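# A structural walkthrough
Here is how the chains run, residue by residue.
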Amino acid sequence: MSQVRSEHPGGGAGRLEPLMPLTNELITRVLRDRGYRYFTDSDGDVGGHWDNTLIYFFRIGEQQEMLQIRTMARRTFTIDEVPHLYAFCNSWNHDKIWPKAYVHVSDDGTAGVYGEVTTDLEKGVTVAQLDQLIMCGISTGCALAEAVADLP
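Small disclaimer: the values here were computed from a predicted structure and weren't measured. (Residues numbered from 1 in each chain as written. Predicted model: local features only at pLDDT ≥ 70, side-chain atom pairs only at ≥ 80, totals over all residues. Heavy atoms only, no water.)

Tallied over the entire structure, the rule returns four salt bridges. A salt bridge links Asp131 to Arg34; its shortest N-O distance comes to 2.7 Å. Of this pair, Asp131 sits in helix α3 (residues 127-149) while Arg34 sits in the loop between α1 (24-33) and β3 (39-40), placing them 97 residues apart in sequence. Several salt bridges converge on common partners, so that one network encompasses Arg70, Lys100 and Glu116. (Salt bridge = Lys/Arg side-chain N within 4 Å of Asp/Glu carboxyl O. Helix = DSSP H or I, 4+ residues; strand = E, 2+ residues; numbered from the N terminus.)

The subject of this paragraph is the packing of α1 against α3. For the pair α1 and α3, the least separation of the axes is 10 Å and the interaxial angle reads 70°. Judged by the inter-axis angle, α1 sits roughly perpendicular to α3. Contact residues: Leu26, Ile27, Arg29, Val30 and Leu31 in α1; Val127, Leu130, Asp131, Ile134 and Ile138 in α3. Of the residues in the contact of α1 with α3, the class split is eight nonpolar, no polar and two charged. (Axes fitted to C-alpha atoms, helices over the stretch in contact; angles between N-to-C directions. Parallel < 35°, antiparallel > 145°, perpendicular 65-115°, else oblique. Contact = heavy atoms within 4.5 Å. Nonpolar A, V, L, I, M, F, W, Y, C, P; charged D, E, K, R; others polar.)

Moving on: the packing of aromatic side chains. Per the counting criterion, the structure on display carries six aromatic pairs. Here the aromatic rings of Phe88 and Trp92 are separated by 6.2 Å at their centres, their planes lie at 35°, and the arrangement is tilted. Of this pair, Phe88 and Trp92 both sit in helix α2 (residues 82-95), four residues apart, roughly one helical turn. Here Phe88 and Trp92 have matching classes, each one buried. Both rings, one in Tyr102 and one in Tyr114, keep their centres 5.7 Å apart while their planes meet at 45°; by these two values the pair is tilted. Here the residue Tyr102 occupies a position in strand β7 (residues 100-105), and Tyr114 occupies one in strand β8 (residues 111-120), the gap between them amounting to 12 residues. The exposure class assigned to Tyr114 is buried, which follows from its relative accessible area of 19%. An aromatic cluster of at least three residues, connected via ring pairs, comprises Tyr36, Trp50 and Phe57. (Phe/Tyr/Trp six-rings, centres within 6.5 Å; stacked < 30°, edge-to-face > 60°. Buried < 20%, exposed > 50% of the residue type's maximum accessible area, 1.4 Å probe, protein only.)

See the structure below:
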């Protein structure tokens, strides 16, 4: 098993930490260690609410080795507002690294803005690395949702 030197909140700097496969148990461990409340839905996916924003932690890929942190901004829009939302997302993606923003139109004709941070963890991840990825996904996802809420 590979190891890397890392820092973890509450842990010592420079200690060796093993690379572990990405699992829902590891994701919930990081959330629990941060004191966050989360849920597991009927599909087994982990999610939670931060700053009134729904965020999911999906494992995707052939072997579920990729972490996708998906933000779903609460505000919804009409189908007529989609061109404006495309412009917003294009501007966001031009100016920001995370999350990638896109428009999603639901079956009921409402539109929303989603954000995604996706990381390939095929070789494994340490607890400290996963903690950092999750914190970045949550903070940038909440920033996106706040910007969406402020749209005219």
